[in-house]
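The primary structure of each chain is shown beneath.
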Amino acid sequence: MTRDNRLIDVEVCETDSLPLDWQNVLNQPLVKEALNGIKQHLFLRLKSGATLYPDDPWHALKQLPLKDVRVVILGQDPYHGPGQSHGLAFSVPSGCRTPPSLRHILQEVARDESEQNPHAIYSPQKTDLSAWVTQGVLLLNATLTVEDGEPASHAKIGWQHVTNAIIEAVAAQNHPIVFMLWGLHAQSKQHLIHNPDHLVLCANHPSPLSARRPPLPFLGCGHFALANKWLSTRAGSIAINWVL
């Protein structure tokens, strides 16, 4: 049965239920102004009968306080089909058909795992990436809502001001953080990461259109292994278990 992931009420965009450190980020005047405009847009679209996703745009932040972020994987916007998006970039709920970009991500995890453990047989099954979140991986989309069947439909309603503030707040942390920027859209946010002590990994987007293209193909980029190797050399930091 397909999970109902429609956004029903714009009140879910209120920030009161978020961890306090995220509330402080989102209560900045310019961010609050952007959020008010976003909520007004969402209200009018819902009133007109539009179907919007996901039901909880803040899901990624609710699951992971700012102080606990160790890796950021930046997506573009939520999946635009019923039952798919659940507020975590690239992730879909268990039982949902695997989107092509996620399939390539899981393939890359499997490749890195097989290179680290040549005798292991790894066949990823899970499409819900929540297990990464519990280890400190922020699965953030640059735009947090979308209309049914219309990718990037909310890319210009103000979410960029909100998610830019989130990225800057993460980059301001003084513990080691890995940023995985896949595709030109994600890489356009690199200027927000001012701390040279963080690791920034860039590659093409994992979608079928670009995953194999030069100069930085996603397939074969080794980002999951590179992130763990780097984290393991930092004091007080441990590797991520990417195996689902």
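Report follows, based on the coordinates. (Residues numbered from 1 in each chain as written. Predicted model: local features only at pLDDT ≥ 70, side-chain atom pairs only at ≥ 80, totals over all residues. Heavy atoms only, no water.)

A closer look at the overall build of the protein chain
Here comes step 1: The helix and strand tally for the protein chain stands at 8 helices and 6 strands.
Here comes step 2: Starting at the N terminus and walking to the C terminus, you meet the elements of the protein chain as α-α-β-α-β-α-α-β-β-α-β-α-β-α.
Here comes step 3: Taking 2.2 N^0.38 as the reference for a compact globule, 244 residues should give roughly 18 Å; the C-alpha atoms of the protein chain span a radius of gyration of 17 Å, in line with that estimate.
Here comes step 4: Each principal axis of the C-alpha distribution contributes one length, and for the protein chain these read about 55 × 40 × 30 Å.
Here comes step 5: Burial analysis of the protein chain (244 residues in total) assigns 52% to the buried set.
Here comes step 6: When contacts within the protein chain are restricted to residue pairs at least 6 apart in sequence, long-range pairs at least 24 apart make up 70% of them.
Here comes step 7: Working note: accessible area of the protein chain is about 11,700 Å², and carbon and sulfur atoms make up 53% of it. (Helix = DSSP H or I, 4+ residues; strand = E, 2+ residues; numbered from the N terminus. Rg over C-alpha atoms; globule rule 2.2 N^0.38 Å. Buried < 20%, exposed > 50% of the residue type's maximum accessible area, 1.4 Å probe, protein only. Contact = heavy atoms within 4.5 Å. Areas by Shrake-Rupley, 256 points an atom, 1.4 Å probe, with all protein chains shown as cover.)

Comments concerning the sheet that holds strand S6 (residues 199-203)
Here comes step 1: On the basis of which strands lie adjacent, the open sheet formed by 4 strands has the order S3-S2-S5-S6 and parallel pairing. Each having just a single partner strand, strand S3 (137-141) and S6 make up the two edges of the open sheet. The average angle at which neighbouring strand axes cross in this sheet is 15°, direction not considered.
Here comes step 2: As paired elements, strand S5 (residues 178-182) and S6 share 5 bridges and run parallel to each other. What sits directly across from Leu 181, in S6, is Cys 202. (Pairing = 2+ DSSP bridges. Axes fitted to C-alpha atoms, helices over the stretch in contact; angles between N-to-C directions.)

Some words on empty space enclosed by the protein
A water-sized probe, rolled over the atoms, reveals where empty space remains.
Here comes step 1: Following the criterion strictly, the structure yields 3 cavities of 30 Å³ or more and no others.
Here comes step 2: Of the voids in this model, the largest cavity is the one considered here, and its volume is about 40 Å³.
Here comes step 3: As for the largest cavity, its lining consists of Pro 54, Pro 57, Pro 78, Ser 85, Gly 87, Ala 89, Leu 139, Leu 140, Asn 141, Thr 143 and Leu 144.
Here comes step 4: The class makeup of the residues in the lining of the largest cavity is 7 nonpolar, 4 polar and no charged. (1 Å grid on protein atoms, 1.4 Å probe; cavity = no way out; pocket = protein on both sides within 12 Å on 5 of 7 lines; lining within 4 Å. Points joined across faces, edges and corners; volume = space filled by probe spheres on them. Nonpolar A, V, L, I, M, F, W, Y, C, P; charged D, E, K, R; others polar.)

Structural notes on the layout of surface pockets
Here comes step 1: Here the largest pocket defines a volume of roughly 610 Å³.
Here comes step 2: As for the largest pocket, its lining consists of 30 residues, of which Gln 76, Asp 77, Ser 101, His 205 and Ser 207 are closest to the centre.
Here comes step 3: Every element with two or more residues in the lining of the largest pocket is listed here: helix H4 (100-116) and helix H7 (184-187).
Here comes step 4: Grouping the constituent residues of the lining of the largest pocket by class yields 12 nonpolar, 16 polar and 2 charged.

Here we look at the state of the cysteines
By definition, a disulfide links the sulfur atoms of two cysteine residues through a covalent bond.
Here comes step 1: For the coordinates displayed, the defined rule picks out 0 disulfides.
Here comes step 2: Cys 221 forms no disulfide, and the closest cysteine sulfur to it belongs to Cys 202, at a distance of 11 Å. (Disulfide = S-S within 2.5 Å.)

A few points about the side chain of Arg 70
Here comes step 1: With respect to the helices and strands, Arg 70 occurs in the loop between helix H3 (59-62) and strand S2 (71-75).
Here comes step 2: It turns out Arg 70 is buried and unbridged, and the closest side chain with the opposite charge, Asp 68, is 8.5 Å from it.
Here comes step 3: Here the side chain of Arg 70 touches Gln 135 through a polar contact of 2.8 Å, landing on its backbone oxygen.
Here comes step 4: Residues contacting Arg 70, with those up to four places away along its chain left out, are Gln 135, Gly 136, Pro 176, Ile 177, Val 178, Leu 231, Ser 237, Ile 238, Ala 239 and Ile 240. (Lys, Arg positive; Asp, Glu negative; His and termini not counted. Salt bridge = Lys/Arg side-chain N within 4 Å of Asp/Glu carboxyl O. Polar contact = N/O pair within 3.5 Å; in protein donor to acceptor, adjacent residues only side chain to side chain.)

Quick look at the packing of H4 against helix H8 (residues 223-232)
Here comes step 1: Axis separation between H4 and H8 bottoms out at 8 Å; the angle between their running directions is 55°. In terms of orientation, H4 and H8 fall into the oblique class. Each of Ile 105, Glu 108, Val 109, Asp 112 and Gln 116 in H4 lies in contact with H8, whose residues at this interface are His 223, Phe 224 and Ala 225.
Here comes step 2: The class makeup of the residues in the contact of H4 with H8 is 4 nonpolar, 2 polar and 2 charged. (Parallel < 35°, antiparallel > 145°, perpendicular 65-115°, else oblique.)

Examining the packing of aromatic side chains
Here comes step 1: Evaluation of the coordinates by the stated rule reveals 7 aromatic pairs.
Here comes step 2: Between Trp 182 and Phe 218, the ring centres sit 4.9 Å apart and the planes meet at 70°, which makes this aromatic pair edge-to-face. One end of the pair, Trp 182, is in strand S5; the other, Phe 218, is in the loop between S6 and H8, and 36 residues separate them in sequence. As far as burial versus exposure is concerned, Trp 182 and Phe 218 are alike and both buried.
Here comes step 3: For the pair Phe 224 and Trp 242, a centre-to-centre distance of 4.9 Å together with 70° between the ring planes defines the contact as edge-to-face. In this pair, Phe 224 is assigned in helix H8 and Trp 242 in the segment after H8, connecting sequence segments 18 residues apart.
Here comes step 4: Under the relative-accessibility criterion, Phe 224 is labelled buried at 1%. (Phe/Tyr/Trp six-rings, centres within 6.5 Å; stacked < 30°, edge-to-face > 60°.)

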